[in-house]
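Below are the chains, spelled out letter by letter.
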Amino acid sequence: VECISGCVCPEGLFDDGKGGCVAEEDCPCIHNNQWYSPGENITVDCNTCTCEKGLWTCTKYVCYGTCMIYGSGHYITFDGKFYDFDGNCEYAATQDFCGDKNSSSSFSIITENVPCGTTGVTCSKAIKMFLGKTELKLENKDYKAIQRDTGDDVRYWNRTVGLYLVIEASNGVMLIWDKKTTVFIKLTPDYKGKVCGLCGNFDDKSNNDFTTRSGVQETNALKFGNSWKQSSVCPDVMEEIKPCDVKPHRKSWAEKECSIIRSEVFTICHSKVDPIPFYEACVHDACSCDSGGDCECFCSAVAAYAQECTKSQACVFWRTPDIC
């Protein structure tokens, strides 16, 4: 509590941290270096917190976990681990069948990654979502459903929200796709610690997210990523691709464009979401998208940061007639 009783204020009044003395119920609260008056609300994830007597009291809803895959090979796991992996194959993004005896298999989400540009980086071109006996394939801005013979009936709904196609299933799995290279996978908390794949295990700890298909904990993103390929005929990824080294003439342009992420446009968000990994991912993508669509790659990379900002209650209006 910033609001403290002491020799600065008369008996019964509290220092409000701004040089004034207030009664206890008028004590302000602090969050991300910003002051809030009593009765003011903030949203943290899916919960609302209210300032009361200098302390936050929050609702205790359980929130969806989110995994994001975007641009050329960037992943943010359910537990918030940020890494890059450029594989040219189909990979298990997340599934609830993880090898132990009592895990059931109610869903899996597969990402099909293909080279984008000439540097060797890969992007998610199509998504397959297996829900019980239904297989949904999202590709070319559209999706189609295929019914299989075995499996449970899992109901699902689809809707379009702005640029995004949203598929929501009755088993607590949600997929949000921008019809290009960005996909968000959202799971209800029932799946905590019960999933595996490129999106990690959703147990609120990011240090064990690199668990391979055989259950081994890796420190290396390549070994981890390779273990989740769906077909053994795909080659393993042997080295991390650094597109700005391959295309050095694009590097200064990429850094200049992507500097918007670190600029005052996003100041309100910098204390809430670290811009550096998103900036580096943006430069990586802007260097690698050299076969058309370079603006789209840059815009998707900035949009990914803006999306994380919005999740942390920092709405940024960054698009202009000149930018994206």
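Named according to an unreviewed UniProt entry, the chain is MUC2 protein originating from Podilymbus podiceps.

S.K.: Which parts of the structure should I look at to understand the state of the cysteines?
M.R.: Each disulfide consists of a covalent bond between the sulfur atoms of two cysteine residues. For the coordinates displayed, the defined rule picks out 13 disulfides. Here cysteine 98 connects covalently by a disulfide to cysteine 196, the sulfurs 2.1 Å from one another. The chirality of the disulfide connecting cysteine 98 with cysteine 196 is left-handed, given an S-S dihedral of about -100 degrees. Of this pair, cysteine 98 sits in the loop between strand 11 (90-95) and strand 12 (107-115) while cysteine 196 sits in the loop between strand 19 (183-187) and helix 1 (221-227); the two residues are 98 residues apart in sequence, bridging distant segments of the chain. Residue classification places cysteine 98 among the partly exposed residues on the basis of a relative accessible area of 31%. Of the residues examined, cysteine 196 reaches a relative accessible area of 11% and is grouped as buried.

S.K.: Which parts of the structure should I look at to understand the nonpolar core?
M.R.: Generally speaking, a soluble globular protein has its nonpolar side chains buried in company with each other. In this structure, Ile109, Ile185 and Leu187 are the most contacted members of the largest nonpolar core, which totals 42 residues. Ranked by residues supplied to this core, first place goes to strand 13 (residues 122-131) with four residues. If we ignore the near neighbours within four places in the chain, the residues touching leucine 187 are Tyr64, Gly65, Phe78, Thr94, Phe107, Gly172, Val173, Val195 and Phe202. Listed in part, the 34 residues of the second largest apolar core include Met68, Ala303, Ala314 and Val316.

S.K.: What exactly am I supposed to notice about the pairing of strand 15 (residues 142-147) here?
M.R.: In summary, the side chains of a regular strand alternate between the two faces of the sheet. Pairing analysis gives six bridges linking strand 14 (residues 134-139) to strand 15, with the strands arranged antiparallel. Paired with glutamate 139 across the strands is aspartate 142, a residue of strand 15. Hairpin connection, strand 14 to strand 15: the antiparallel pair is bridged by two residues, and asparagine 140 has positive phi, about 50 degrees.

Thresholds applied
Residues numbered from 1 in each chain as written. Predicted model: local features only at pLDDT ≥ 70, side-chain atom pairs only at ≥ 80, totals over all residues. Heavy atoms only, no water. Disulfide = S-S within 2.5 Å. Helix = DSSP H or I, 4+ residues; strand = E, 2+ residues; numbered from the N terminus. Buried < 20%, exposed > 50% of the residue type's maximum accessible area, 1.4 Å probe, protein only. Core = buried A, V, L, I, M, F, W, Y, C linked by side-chain atoms within 4.5 Å. Contact = heavy atoms within 4.5 Å. Pairing = 2+ DSSP bridges.

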